[in-house]
Amino acid sequence: MQFLYPSFLFALSALAIPIIIHLFNFRRYKKIFFTNVRFLTDLQQEQKSRNKLRHLLLLILRMLALAAIVFAFAHPFIPKKNALHGGLNPGKKYVSVYIDNSFSMGNTGSDGELLQSAKKYAGEIASGYKEGDGYNLVTNDFEIKHQRWVNRTEFLKMLSDINLSPAFRKVSDISGRMKESFRKVDPGNHEAYLISDFQQNMADLSALKNDSTVHFNFVPVQASTHDNIYIDSVWFESPIWQMNQKNTLNVKIVNSGDHAISDHTLNLDINGKAKALANFSIPEQGSVVVPLNYTISDSGINNGTVSIDDYPITFDDKYYFNYSVTNSIPILVINGIDSNKNISSAFGAERSFLLHNVLTGNVDFSSFDRYNFIVLNELPEISSGLAASLKTYMEKNGNVLVIPSSKDINIESYGSFLTLCAAYGFVGAKTDSVGFAPLDKQEPFFANIIEDMPRNVSMPKANKYFQVQKSGNARSRPLLSLNNGDPLLSMVPQGKGYLFVSAVPFNDAWTNFAHHWLFLPSLYKMAFYHNKEQPIAYTIDKDNLISIPSISGDEKRIFSLAKDSIEFIPNQRMLEGSLQLFVEGLIHTAGYYHLKDNQPGSATALKPYQFAFNYDRSESVMKFTNPGDIKDAILDVKGDVLNPGKVSLKKQVKELEAGINIWKWFIWAALVFLLGEMLITRFWK
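The model shown is predicted, which means the values in this text are computed figures rather than measured ones.

A.B. asks: Outline the environment of Q199, supporting the account with residue identities and numerical values.
C.D. replies: Positionally, Q199 belongs in the loop between strand 7 (190-196) and strand 8 (215-220). For the pair Q199 and S620, spaced 421 residues apart in sequence, the C-alpha separation works out to 9.8 Å. The residues touching Q199, leaving out its near neighbours within four places in the chain, are S104, S618, E619, V621, M622, K623, F624 and T625.

A.B. asks: An account of the sheet that holds strand 11 (residues 261-270) is requested, with residue identities and associated values reported.
C.D. replies: Here we have 4 strands laid out as an open sheet, ordered 12-11-14-15, and antiparallel in their pairing. In the strand order of this sheet, the two ends are held by strand 12 (273-282) and strand 15 (318-325), each with one partner. Neighbour to neighbour, the strand axes of the sheet diverge by 20° on average, direction disregarded. Pairing geometry for strand 11 and strand 12, over 8 bridges, is antiparallel. Its bridge partner being in strand 12, T265 is matched across the sheet by N279.

A.B. asks: A description of the pattern of salt bridges should follow, citing residues and the corresponding values.
C.D. replies: Following the criterion strictly, the structure yields 12 salt bridges and no others. The partner of D111 in a salt bridge is K120, with the nearest N and O atoms 4.0 Å apart. For E443, the salt bridge identified is with R477, shortest N-O distance 2.8 Å. Separated by 34 residues along the polypeptide, E443 in the loop between strand 21 (434-435) and strand 22 (461-462) and R477 in strand 24 (residues 477-481) bring together distant segments of the chain. The class for E443 is buried, based on a relative accessible area of 9%.

A.B. asks: Describe the sheet that holds strand 7, with residues and values.
C.D. replies: If you walk across this open sheet you meet the 5 strands as 6-3-7-8-35, and the pairing is parallel. The outermost strands of the open sheet, each flanked by one partner alone, are strand 6 (134-138) and strand 35 (640-641). Where strand 3 (residues 94-99) and strand 7 come together, 6 bridges link them in parallel fashion. Opposite Y98, over in strand 7, you have L194 as the bridge partner.

A.B. asks: So, the pairing of strand 7: which residues are in play, and what are the values?
C.D. replies: Summarising burial for strand 7: 7 of the 7 residues are buried, a large majority. Looking at chain direction, strand 7 and strand 8 are connected through 6 bridges and run parallel. Residue pairing across strands places L194 opposite F218, the latter belonging to strand 8.

A.B. asks: Residues and numbers for a nonpolar patch on the surface, please.
C.D. replies: There is a patch of nonpolar side chains on the surface, built from I667, W668, L671 and L674 and spanning about 390 Å² of accessible area. Mapping I667 onto the fold places it in helix 12 (residues 663-683). Since its relative accessible area comes to 33%, I667 is described here as partly exposed.

A.B. asks: Lay out the packing of helix 6 (residues 341-348) against helix 9 (residues 519-528) in plain terms, naming residues and giving numbers.
C.D. replies: Two numbers describe how helix 6 lies on helix 9: the axes approach to 10 Å, and their chain directions differ by 75°. As judged from the angle between their axes, helix 6 and helix 9 are roughly perpendicular. Contacts from N342, A346 and F347 of helix 6 reach helix 9 at F519, L520, L523 and Y524.

A.B. asks: Break down unusual backbone geometry for me, with residues and values.
C.D. replies: Excluding glycine, residues mostly have negative phi values, and the peptide bonds linking residues are mostly trans. Between Y311 and the following residue, P312, the backbone shows a cis peptide bond with an omega angle of 10°. Although it is not a glycine, N397 sits at a positive phi angle of roughly 115°. Note that N397 resides in the loop between helix 7 (384-395) and strand 19 (399-404). Note on N397: relative accessible area 18%, which makes it buried.

A.B. asks: Now, about helix 7: what can you tell me, with residues and values included?
C.D. replies: Here helix 7 is 12 residues long and its end C-alpha atoms lie 17 Å apart, about the 16 Å a rise of 1.5 Å per residue gives. On the buried face of helix 7, the contacting elements are strand 16 (329-335), strand 18 (373-379), strand 19, helix 8 (411-420), strand 25 (487-494) and strand 26 (497-502). Taken from the residues just after helix 7, N397 is the one with a positive phi, measuring 115°.

A.B. asks: If you had to explain the packing of aromatic side chains to someone new, which residues and values would you point to?
C.D. replies: All told, the structure shown has 35 aromatic pairs when counted by the stated rule. Plain terms: the ring middles of F103 and F315 are 4.4 Å apart, the flat faces sit at 15° to each other, and that makes the pair stacked. With a gap of 212 residues between them, F103 in the loop between strand 3 and strand 4 (108-109) and F315 in the loop between strand 14 (300-307) and strand 15 connect regions that are remote in the sequence. No difference in accessibility class separates F103 from F315, as the two residues are buried.

Procedures and definitions
- Residues numbered from 1 in each chain as written.
- Predicted model: local features only at pLDDT ≥ 70, side-chain atom pairs only at ≥ 80, totals over all residues.
- Heavy atoms only, no water.
- Helix = DSSP H or I, 4+ residues; strand = E, 2+ residues; numbered from the N terminus.
- Contact = heavy atoms within 4.5 Å.
- Pairing = 2+ DSSP bridges.
- Axes fitted to C-alpha atoms, helices over the stretch in contact; angles between N-to-C directions.
- Salt bridge = Lys/Arg side-chain N within 4 Å of Asp/Glu carboxyl O.
- Buried < 20%, exposed > 50% of the residue type's maximum accessible area, 1.4 Å probe, protein only.
- Patch = residues over 30% accessible without salt bridge, like charges linked within 9 Å, V, L, I, M, F, W, Y side chains within 5 Å.
- Areas by Shrake-Rupley, 256 points an atom, 1.4 Å probe, with all protein chains shown as cover.
- Parallel < 35°, antiparallel > 145°, perpendicular 65-115°, else oblique.
- Expected span 1.5 Å × (residues − 1).
- Phe/Tyr/Trp six-rings, centres within 6.5 Å; stacked < 30°, edge-to-face > 60°.

Right, here's the structure in full:
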């Protein structure tokens, strides 16, 4: 036991007063006359013994009552083993409170929503200190307004403004933020409280380091249910979107709970219209991929949403995505002599392709930007003017396929163009009959093409082919090779576009590739391959850079992003003909954001550029760190784990700060002693 005001113990000297009174016994006697006192002798001896006992008890009770009152004024307390600074510490206190407002705190506990419970607990903690102490609030948003130290009234007002947020923080990040705030105030008396559900993915408690200047307290709030199903990701079976064509959207759904889910419904909406639905079942702690088949019926930007119903965690029940569909895809084929029937048949099979065949002498270089894909089909030579125009076209986001001539070919002109593009150059034709090597399933170019390819599938062969010169400066990546290792089809990036080079003409005398099942998807993939640069969805706080190709203008042009009534101007720059937007910390709500051009006289919205943002799924896994594991993890930190369910946090805070106050017990003891004195005085005559 210790005393907050030990100077009051000097008042124990007052215990001498009842002793003096009882020693001198200032009492008045009455004189009573008896005719004969001989019979009172025995009675007098017995009465004298009883009076001595009575007076002794009264003396003890009075001394105990007086001592109890003195002890009460000295403010005794029993210091707790882990109490900060060994007990009560005079001076101003600085209290920093972290409230986890991530989406997992939208779960429910015994007292309702976890976030509301956390706010209530933070208020109880503040009430355990004085009004004039310093208070600091920390949330996952790391807002500037929360960097200030405020009084208790303003702190309680700030609590009411806290809402769920998509921001995700780890315990190590939060403790670092708190320590930064403590550096702004006087040293000593620093208390930190972390109120959270302590999900396992954020509770990196082992990363905490002992700091003698800060005392950390952990307040776990526990959810009553750990079940949650959520949409993890979506992707298309084919990355090519064409009008009136069927496509399959794959949706991965995860069950993070301990109970199996059966007969749940998944819905797909495109541009606000219901397109497909499917039922699914998932085992406990499992996942499933649900395919949704539908026909693309709208051109332009298509905004899609897949959704499920799940309570109480709802932020991850929707997934937003979008993609662009054009009515027509213009293709330019520049022919050396005659058009290639295999190429014409391939692009003519799809109504969405607009094929334009021209001879090499009738090419309009200024029209290249109107085409999605350019094919050089068996040109005798590639002129310097054509080479320069194609190079500029590819750097702007265009793709080019080079097919060598099967007759008279100027190897040097081809070599100049391919060297300009850092690609493999041709050496000469070889007449060996060689088969194609098996496809590399790890090659990104063939994603969604060879996924269901059967084993031991037959590959095409080449009767003749052009050997290539592998120079050290070349950046070509072989896509298809022959069994002898020579490249047959290769690609090399050119700015925002790609150059594809074939080592064989697409005619029957050189190869049967044009009649193989691989020919059509490979040709289509070359035409659309640049579309991979624009993802169908972004993740808030993870994908912080949006790159938009083919935006013309200068550095003074200002763009903004808008969603409903929300509009903001992100940091931006023009880099090699591409607009780059930096959106870190600016997007807080999932949905669709469209690009707006704020240049005077321009359209308010650039409709071709819209972006779908989704919440991070890190908060979807309902696995938590229990209080026992928290205690074990913070042994080196020497912190405390408070249980808000048993005793009010206000009382626990006071005990942590001062130990167990027992002055009230001494007041009650004094009252009991005085009551005992009254009873003896009244009834013991």
